Amino acid sequence: MHKDPRLPELYALYSKKKESQERIRNLKKSIQATHDILKLEELKCRKRVLRRLGFTTSADIVDVKGRVACEISSGDELLLTELVFNGVFNPLAPEHCAALLSCFVFTEKSEQPTKLKEELAAPLRVMQEIARRIAKVSKECKLEIDEDEYVQSFKVELMDAVVQWCRGSSFSEICKVCTRYMPLVICSNPFPSSRTSSKVVSSEYSDG
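Predicted, not measured: the structure shown is a model, and the values here were computed from it. (Residues numbered from 1 in each chain as written. Predicted model: local features only at pLDDT ≥ 70, side-chain atom pairs only at ≥ 80, totals over all residues. Heavy atoms only, no water.)

Of the regular secondary structure elements, the protein chain holds 10 helices and zero strands. Within the protein chain, buried positions represent 32% of all 208 residues. Restricting to contacts in the protein chain with at least 6 residues of sequence separation, those with at least 24 account for 60%. Put simply, the protein chain shows about 14000 Å² of open surface, and 55% of that area lies on carbon and sulfur atoms. (Helix = DSSP H or I, 4+ residues; strand = E, 2+ residues; numbered from the N terminus. Buried < 20%, exposed > 50% of the residue type's maximum accessible area, 1.4 Å probe, protein only. Contact = heavy atoms within 4.5 Å. Areas by Shrake-Rupley, 256 points an atom, 1.4 Å probe, with all protein chains shown as cover.)

Structure representation (C-alpha cells):
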C-alpha cells in the first residue's frame, strides 16, 4: 500500500473522513446540549405551573394536591385533581360522575356536534372552565399550549351513553344513543358487575 501512487490522495481522503466524523460528533454534542437546555427550561416552566396551581409549595415540595395527582395513572392528572379539590364531583350522581370521567378516556373524533342535557352540560362547563384556567396558567408560565385545543381535547361524545349504561338501559337503547362507539362503551363499563354484564348479553339477544 505504501508504494501505491494513489497513497497521498487516499490519505487526504481518509483525513477528510476523520475530520468529518469528528465534526459530526461535536455537532451531536452541541445538539444534545441544546436539547438539555430546552428540557431544563421546560422543566422550570412546568415547576412554575405546579406552584401556581398549588401542587407544590414555593420551595418545590410536593403538597397534598401534588400527592393526589401522583396517584392518578390515567387521564389528565392536573385537571382531574383540580376537579376533585374544587368539589366538582360532590353534588353529582354516580352516573354523572362516570359520564364526566368518560371525557378523559374517549379520544375518537366526531364531526357531528353533541347535544347534552343540562344535567350533563352543567358539570361539563365547570370542567371546561377549570381546563381553560390550567391552560392560561401554563401559557403565563411560558409553556407552549393551545388553550382551545386543550379544552376541546376532552371529548363529550360518550357522556350520554355512559349515563344510560349506568342507569341499566338495555343494549339496544344504548345503541340508539351512539351506535358508532358501542365497542368502547362495552370495554369501558364504569361499574362492571355480573348483573350488568348479563343484562347486556340478555338484552342483545332479546332485542334481536
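Counting residues in hydrophobic clusters, the biggest one holds 41 residues, and the most contacted among them are Leu79, Leu83, Met127, Phe154 and Met159. Within the residue set of this core, elements represented by two or more residues are helix H1 (7-53), helix H3 (77-85), helix H4 (94-102), helix H5 (118-140), helix H6 (147-152) and helix H7 (159-166). At nine residues, H5 tops the list of elements feeding residues into this core. Once you skip the residues sitting within four places of it in the chain, Met127 turns out to touch Leu79, Leu83, Leu100, Cys103, Phe104 and Phe154. (Core = buried A, V, L, I, M, F, W, Y, C linked by side-chain atoms within 4.5 Å.)

This paragraph deals with the packing of aromatic side chains. Taken as a whole, this structure holds two aromatic pairs when the rule is applied. On the basis of an interplanar angle of 85° and a centroid distance of 5.4 Å, the ring pair of Tyr150 and Phe154 is categorised as edge-to-face. We classify Tyr150 as buried; its relative accessible area is 14%. Given the relative accessible area of 8%, Phe154 is considered buried. (Phe/Tyr/Trp six-rings, centres within 6.5 Å; stacked < 30°, edge-to-face > 60°.)

Before going further, it helps to examine the packing of H4 against H5. At a minimum axis distance of 10 Å, the contact between H4 and H5 shows a crossing angle of 50°. The angle between H4 and H5 falls in the class oblique. Helix-helix and strand crossings are classified by hand; for H4 and H5 the assignment is right-handed. Judged by residue contacts, His96, Ala99 and Leu100 of H4 engage Glu119, Leu120, Pro123, Leu124 and Met127 from H5. (Axes fitted to C-alpha atoms, helices over the stretch in contact; angles between N-to-C directions. Parallel < 35°, antiparallel > 145°, perpendicular 65-115°, else oblique. Left-handed = near helix turned anticlockwise from the far one by under 90°.)

Even without glycine at this site, Asp60 takes up a positive phi of about 65°. As for its placement among the helices and strands, Asp60 is situated in the loop between H1 and helix H2 (64-70). In the Ramachandran plot, Lys142 falls in the positive-phi region, its phi being about 70° despite a non-glycine side chain. Inspection of the secondary structure assignment puts Lys142 in the loop between H5 and H6.

What follows deals with the confidence of the model for the protein chain. Keep in mind that low pLDDT regions are not for reading the predicted coordinates in detail. Residues with a pLDDT of 70 or more make up 81% of the protein chain, whose mean pLDDT is 81. Confidence over residues 190-208 falls short of pLDDT 50; this stretch has 19 contacts with residues more than four positions distant or in other chains. (pLDDT = per-residue confidence, 0-100.)

Here we take up the packing of H3 against H5. Following both chains from N to C, one finds H3 and H5 inclined at 125°, their axes separated by 10 Å at the closest point. The angle between the axes of H3 and H5 places the two elements in the oblique class. Where H3 crosses over H5, the two elements pack in a sense that is right-handed. Between H3, through Leu78, Leu79, Glu82 and Leu83, and H5, the contact on the second element is made entirely by Met127, Ile130, Ala131, Arg133 and Ile134. Taken together, the residues of the contact of H3 with H5 sort by class into seven nonpolar, no polar and two charged. (Nonpolar A, V, L, I, M, F, W, Y, C, P; charged D, E, K, R; others polar.)

Another aspect to go through is H3. Buried within H3 are the following residues: Leu79, Leu80, Thr81, Glu82 and Leu83. The backbone nitrogen of Leu78 lies 3.3 Å from a side-chain oxygen of the residue at the head of H3, namely Asp76. Of the residues one or two after H3, Gly87 is the one with positive phi, at around 70°. (Polar contact = N/O pair within 3.5 Å; in protein donor to acceptor, adjacent residues only side chain to side chain.)

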